[in-house]
Each structure stands twice: as structure tokens, then as C-alpha cells.
Amino acid sequence: MRYKLLGRSGLRVSEAALGTGTFGTAWGWGCTREEAAELFAFYVEAGGNFFDCADGYQNGEAETILGGLIAGDRDEYVVSSKYTSGVGARSLGKTGNSRKAMMASIEGSLRRLKAEYVDIYWVHMPDLVTSTDEILRGLENIVAQGKARYIGISDFPAWRISRAVTMAELRGTEPISAIQIELSLAERSAEREFLPMAQAYGLATLIWSPLGGGILSGKYRAKDVKGRLNQGGGPIRQIEQDREAKILEVLELVAGEQGATLAQIAIAWVCAKEPVGASFIPVLGARTVAQLSDNLEAMKIVLSDEQIARLDKVSAIAPGFPHELMARDQMKDLHSGGHWDSIVLPSSPRA
Ligand SMILES: NC(=O)c1ccc[n+]([C@@H]2O[C@H](COP(=O)([O-])OP(=O)(O)OC[C@H]3O[C@@H](n4cnc5c(N)ncnc54)[C@H](OP(=O)(O)O)[C@@H]3O)[C@@H](O)[C@H]2O)c1
């Protein structure tokens, strides 16, 4: 296991985080406390120190299980949690992005985790009504109160993250250290705005669902396979059958060349997309130790440029506006007065 820095902070986190969405069974799928303990032990033995959790995962069971597992050596582990969805209750007061929901949520998380602080506290997803400024000030307060060490933003549109990063920078307050995005061969739209943003601002980028919820392991082609996809879980959005079949075909070829599994190649592809200056940290989802062991091996795989190009091609999406327009030679000629080819470009995009 290697370690990366969380954004511009000095916090050293393992190059692959362990997702704890599978810790518990309240959602009708996942793993028992004993199975979660096995996953935890295997991951820690492999050198892992970074746990991704949320108040709502398995309606609070994930935090409770994780709290029991870290209790022996709390300060050694990097523990993160998130607020916004509440803990399974259909509550107006305990959900959303407001400061009220945030303050109630951090107290509940610390209680379930049996901890005095979390290392990273995340706003989980936008509630579409609370301003970025309110969220940012609340997160800063939580750090000032010693209940969190660092802050992050998950599933927000890039323009809102950009505002938060800039506001924190101008005010000289707690910076945004990390973002969470979905990225995989099955879902590549985050490449358009989030990757250049992470690179320009030096944000750590946690990648969730690197296997598209399990689809990219290839196992769901067999009709009788048991897994969370046919237990009501799985990715938020199914990918189209044709595209999926073609991606799995190329994954299978590359896996054969590397002597690896499809899941390992899918995760290795995600890691290969890391832009210079932004640490990419896949959040590994696993229900069994066999799956976790398989997935951790991906960290050792180096794909050739040619293999990456083949995977890129079969999973390609249209870059969209304004990226397609700006990629045109005619535009480059226009905005550089005909000198585009002689300009030495900066190593990372300029914000
Ligand atoms: N910020 C957010 O909004 C957000 C959203 C989603 C997830 N997350 C985080 O990201 C973590 C991972 O997400 P995810 O679970 O969707 O990741 P994923 O890697 O796309 O899917 C993991 C699932 O695929 C199956 N699987 C895993 N490894 C496998 C292997 N080697 N071979 C065959 N099947 C395998 C397992 O399910 P089955 O065996 O049951 O099929 C496992 O639960 C979560 O635990 C959570 O911490 C964050």
C-alpha cells in the first residue's frame, strides 16, 4: 500500500479507501458485523488506514460497526463521515444541508462512532436549497469545535465546489481538501469538469463506485449470480446494455493480457485517469474478503498506454460544450493569433 496526501493538507491516507456502505444489513443487502470485521482486518493488514462512511449508510449501522472496529486505536485511522440524508428517518429537521441538520448529524455520527472527532466531514449531496456559503461556514465551525479535522464536498456540481474553494481561499478559512465523485468506465461524465477542477485546485478526489456498483466485474452477465444488484442495491443508474456489453468485452481482453480480473482492470483504469496534482483515491466497495482482496490487487497493476486507449475508446462519451468547441483547431488559431503550437502550456489547467 502506498499513501497519498489529502489535497494540500499533510494528512497521509492510503491510496485506496475502504467504503463502508456495505457495513450492516439494514438496507436489505450488505454484510454482518462479523463480516465487516473481517473486511476491516484484511484492509488494515494490507496497510489501509482510510474509511469512507456516512450517517445514513445502512441507516446508521455502518457508523456503529465502524466505531466498534476503530475503538482500539482511533488516532491511527482516518475516518470520514457525511451528513445530509439523515439516518433512515423520513425527517425534515434531520435531513438536508442546513446548519441545523449538520450540527445534529455530526453529534449523532460521533455518538455512533464512539469518537470525539472525525478526520474528514463531508456534505454528502446538495439539497438544492441551502447556499454554499451556509454549508461552508457550518463545516468551518465543526473544524473549529474540534469535531472534524478536514472538510470535503461530495456529489456537488463543479461550479458550486469552485465557489466554496474560492470563498475559503479568499477568507483564509478552512480549505476544501477533497471531493467525492462517481467515475468508472461505466460513468465518465465527471471527467468534463471535475478532473480539471481537482487538478487546478489540488483537491484529493475520492472515486466512488469504481465498478459501477459491481457491473464492471462482469459477473452480472451470468443470470443466476447473487449480489446486491439483484437484492435491490447497486448503482444509482444502470448503464445501457449495448455500451456495457462492449466495455466488458474490452475489459475481458485487457484482463487476459494482464492476467488479472475484470474488476482489477476497471479499478486500474480509474487510477490511470489521475491528473497530475490531484490525488485519486478509489473508494473500494466490497461485501466479502475475496472481493476486497481482488480489488486491492488492482493497485499493483500498470496498464499500458495502448490498453488505456482501448478502454478509453470503448467507453468514450462526448466532451460536450464548451470542451468540443475549444478543442477545434480553428478556435485555437483564433484565440492565439495563429501561435497555438508555439505556446508552452502550463502543467495544470488555470482556474
Ligand atoms: N459519496 C457518495 O455519494 C457515494 C455513493 C456511493 C458510494 N459511495 C462510497 O463508495 C463505496 C463504494 O461504492 P460501491 O459499493 O458502489 O462500489 P463499486 O466498487 O462500484 O461496487 C461494489 C460492489 O460490487 C461488488 N463487487 C465488489 N468487488 C467485486 C469483485 N472483485 N468481484 C465481483 N463483484 C465485486 C459487490 O457487490 P455484490 O457482490 O453484492 O454485487 C460490492 O458491494 C461505498 O461503500 C461508499 O463508501 C459514496
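What counts and what doesn't
- Residues numbered from 1 in each chain as written.
- Predicted model: local features only at pLDDT ≥ 70, side-chain atom pairs only at ≥ 80, totals over all residues.
- Heavy atoms only, no water.
- Buried < 20%, exposed > 50% of the residue type's maximum accessible area, 1.4 Å probe, protein only.
- Helix = DSSP H or I, 4+ residues; strand = E, 2+ residues; numbered from the N terminus.
- Contact = heavy atoms within 4.5 Å.
- Patch = residues over 30% accessible without salt bridge, like charges linked within 9 Å, V, L, I, M, F, W, Y side chains within 5 Å.
- Areas by Shrake-Rupley, 256 points an atom, 1.4 Å probe, with all protein chains shown as cover.
- Salt bridge = Lys/Arg side-chain N within 4 Å of Asp/Glu carboxyl O.
- Lys, Arg positive; Asp, Glu negative; His and termini not counted.
- Charge placed at Lys NZ, Arg CZ, Asp CG, Glu CD.
- Pairing = 2+ DSSP bridges.
- Axes fitted to C-alpha atoms, helices over the stretch in contact; angles between N-to-C directions.
- Right-handed = clockwise from strand over helix to strand, strands pointing away.
- Near = heavy atom within 4 Å.
- Polar contact = N/O pair within 3.5 Å; in protein donor to acceptor, adjacent residues only side chain to side chain.
- Nonpolar A, V, L, I, M, F, W, Y, C, P; charged D, E, K, R; others polar.

Asks: Whenever I open this one, helix α2 (residues 61-70) confuses me. Can you help?
Replies: Every buried residue of α2 is listed here: Ala 62, Glu 63, Ile 65, Leu 66, Gly 67 and Ile 70. Those residues of α2 hidden inside the fold are in contact with α1 (33-45), β4 (50-52), β5 (78-83) and α3 (99-113).

Asks: Whenever I open this one, a negative patch on the surface confuses me. Can you help?
Replies: A contiguous patch of negative charge on the surface is contributed by Asp 73, Asp 75, Glu 76 and Glu 116. Along the chain, Asp 75 falls in the loop between α2 and β5. According to the relative accessible area criterion, Asp 75 is exposed, its value standing at 61%.

Asks: Where do I start with the sheet that holds strand β3 (residues 17-19) in this structure?
Replies: Either a parallel or an antiparallel arrangement is found when strands of a sheet pair, and the pairing is made through backbone hydrogen bonds. Read around the closed barrel, eight strands run β3-β4-β5-β6-β7-β8-β9-β10, paired in parallel fashion. The mean inter-strand angle of the sheet, taken between neighbouring strand axes irrespective of direction, is 30°. Here strand β8 (residues 176-182) pairs with strand β9 (residues 204-208) via five bridges, running parallel. Residue pairing across strands places Ala 178 opposite Ala 204, the latter belonging to β9.

Asks: Explain unusual backbone geometry to me, please; I cannot follow it from the model alone.
Replies: A cis amide bond, omega 0°, links Phe 321 with the succeeding residue Pro 322. Its location among the elements puts Pro 322 in the loop between α10 (305-314) and α11 (323-326). Positive phi values are uncommon outside glycine, yet Ser 209 reaches one of about 50°. Tracing the chain through its elements places Ser 209 in the loop between β9 and α7 (241-258). Classification of Ser 209 by relative accessible area gives buried; the value is 16%.

Asks: Would you take a moment to explain the pairing of strand β6 (residues 118-123) for this structure?
Replies: On any regular strand, side chains alternate: one points to one face of the sheet, the next to the other face. Most of β6 sits inside the fold, with six of its six residues counted as buried. Pairing of β5 with β6, which is carried by four bridges, proceeds in the parallel orientation. When the sheet's bridge partners are listed, Ser 80 is paired in β6 with Ile 120. Regarding topology, α3 serves as the crossover connection from β5 to the parallel β6, and that connection is right-handed. Bridge count between β6 and strand β7 (residues 148-154): five bridges; the pairing is parallel. Within β7, the residue paired with Ile 120 across the bridge is Tyr 150. Read as a crossover between parallel neighbours, the route from β6 over helix α4 (residues 132-144) to β7 is right-handed.

Asks: Help me out: how do you make sense of the pattern of salt bridges in this one?
Replies: Close approach of charged atoms allows side chains of opposite charge to pair. A full pass over the atoms with the stated rule returns 14 salt bridges. For Lys 82, the salt bridge goes to Asp 52, with nearest N and O atoms at 3.0 Å. A residue pair is termed long-range when its members are at least 10 positions apart, and Lys 82 in strand β5 and Asp 52 in strand β4 qualify at 30 residues. For Glu 257, the salt bridge goes to Arg 310, with nearest N and O atoms at 2.9 Å. Of this pair, Glu 257 sits in helix α7 while Arg 310 sits in helix α10; the two residues are 53 residues apart in sequence, bridging distant segments of the chain.

Asks: I tried to follow the site of the ligand on my own but got confused; where do I start?
Replies: Surveying the vicinity of the ligand reveals 30 residues, the closest of which are Asp 155, Ser 209, Lys 219, Tyr 220 and Arg 228. Contact distances for the ligand include 3.2 Å between an oxygen atom and a backbone N or O atom of Gly 212. Within the side chain of Tyr 220, one N or O atom sits 2.4 Å away from an oxygen atom of the ligand. Considering each element in turn, the shell around the ligand owes the most residues, three residues, to helix α9 (residues 289-296). Taken together, the residues of the shell around the ligand break down into seven nonpolar, 16 polar and seven charged.

Asks: Quick question: what am I supposed to make of the environment of Ser 347 here?
Replies: Locating Ser 347 in the fold gives a position in the segment after α12 (329-335). Relative accessible area serves as the criterion here: at 68%, Ser 347 is assigned to the exposed category. Taking C-alpha positions, Ser 347 is 38 Å from Gly 96, a pair spaced 251 residues apart along the chain.

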